[in-house]
Amino acid sequence: MRKANTHRAYGTGGSTDRGSQPTTGAPEYTRPMKLARGIERRLENLVDGVSASVFRGTMHPVTIASRLVRQIDFLATETPAGTQIPNDLTVVINPTDLDPSIDVAELENELAVVVTAGALENGWRLIGPVGVHLETSPDVPRGILQCAGDPMPGSLEPWGQLIALDGSVLIPLSMNRTLIGRALDADVRFSNSEISRHHAVVARRGDAVDITDLGSSNGTWVNGDRTAKKPVTLLPGSTVSLGNIPFTYRLVS
């Protein structure tokens, strides 16, 4: 079994554990559950659209996906850029819960799509592409899904850019939450003294994009207005100034 970090989540039926402490009556995460239902057809294609009733005694792919997405919240950690979830995930279920007709590699790929979409829907930070490794173990009780994960840096396709007005700098935006600053842990690092160690975060959630100043010394400005420590919406063509360095925000098609 793959090595996992200490952030573990366990779930069964209507209850969910956080860490090693059980929690009864855990809240339903409506956005992830809605997301899982939204890709139900995609997952059911793995079994030719067979309904969940045929999987009596085993977990339907949609059930695995729904439980996985619900567990992700319990694996989240807080970073200077905001909430981050692990992108290298190991999911373990009892062998009798996995239908032998399922193509495991294909199911792993579809589960990765679920997590990626869930991260975008909820504005969770990913530092690399999502990988899901589905394993079985007789040590896991039937009906239980265990999930653990680690952050794994990797290349992500940019969805947006900040372009300096003089064309000298182009900042690709590829994470759902991008930390800009002079500190070593910044995703986009500047040596310019106008930029604070943790200057600002550009965040994407669904179709919305915003920027939040992190209490920088020289401020973050959007279309000429200085922002406070709260998100300000960015639209294609918006002018964003980090201190005295102006950029234009645009989407990557």
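Since we're looking at a predicted model, the values are computed, not measured.

Draft legend 1. Spotlight on the environment of Ser137. Relative to the assigned elements, Ser137 resides in the loop between β7 (131-136) and β8 (145-150). With relative accessibility at 16%, the residue Ser137 sits in the buried group. Through-space distance from the C-alpha of Ser137 to that of Thr96 is 9.4 Å; in sequence the pair is 41 residues apart. Setting aside anything within four residues of it in sequence, one finds Ser137 in contact with Val92, Ile93, Asn94 and Pro95.

Draft legend 2. Region of the structure containing the side chain of Gln161. When you line up the elements, Gln161 lands in strand β9 (residues 160-164). For Gln161, a relative accessible area of 12% translates into the label buried. Beyond its immediate stretch of four places on either side in the chain, Gln161 contacts Leu170, Ile171, Leu173, Thr248, Tyr249, Arg250 and Val252.

Draft legend 3. Seen up close, the pattern of salt bridges. Throughout the structure, instances matching the rule amount to one salt bridge. When the shortest N-O distance is used, the salt bridge between Asp187 and Arg125 registers 2.6 Å. Residue Asp187 is found in the loop between β11 (177-181) and β12 (188-189), and its partner Arg125 is found in the loop between α4 (104-122) and β7; the two are separated by 62 residues along the sequence. Look at Asp187 and you get partly exposed, because its relative accessible area is 28%.

Draft legend 4. Structural context of the environment of Leu134. Of note, Leu134 is situated in strand β7. In this structure, the C-alpha to C-alpha distance between Leu134 and Cys147, residues 13 residues apart in sequence, is 9.4 Å. Apart from the residues lying within four places of it in its own chain, the contact partners of Leu134 are Val91, Leu98, Val104, Leu107 and Glu108.

Draft legend 5. Highlighting the nonpolar core. Residues Ile72, Ile85 and Leu89 are the most contacted members of the largest nonpolar core, which totals 27 residues. Elements represented by at least two residues in this core include exactly α3 (61-75), β6 (88-93), α4, β7 and β8. The contacts of Ile72, once residues within four sequence positions are left out, are Ile85, Leu89, Val115 and Trp124.

Draft legend 6. Structural detail: the sheet that holds strand β14 (residues 208-213). Taken in spatial order, the five strands of this open sheet run β12-β11-β13-β14-β17, and their pairing is mixed. The sheet is open, and its two edges are formed by β12 and β17 (232-233), each paired on a single side. Strand direction decides the pairing type here: strand β13 (residues 200-205) and β14, joined by six bridges, are antiparallel. Each residue of the ladder has a partner; that of Ala200, found in β14, is Asp213.

Rules behind the numbers
- Residues numbered from 1 in each chain as written.
- Predicted model: local features only at pLDDT ≥ 70, side-chain atom pairs only at ≥ 80, totals over all residues.
- Heavy atoms only, no water.
- Helix = DSSP H or I, 4+ residues; strand = E, 2+ residues; numbered from the N terminus.
- Buried < 20%, exposed > 50% of the residue type's maximum accessible area, 1.4 Å probe, protein only.
- Contact = heavy atoms within 4.5 Å.
- Salt bridge = Lys/Arg side-chain N within 4 Å of Asp/Glu carboxyl O.
- Core = buried A, V, L, I, M, F, W, Y, C linked by side-chain atoms within 4.5 Å.
- Pairing = 2+ DSSP bridges.

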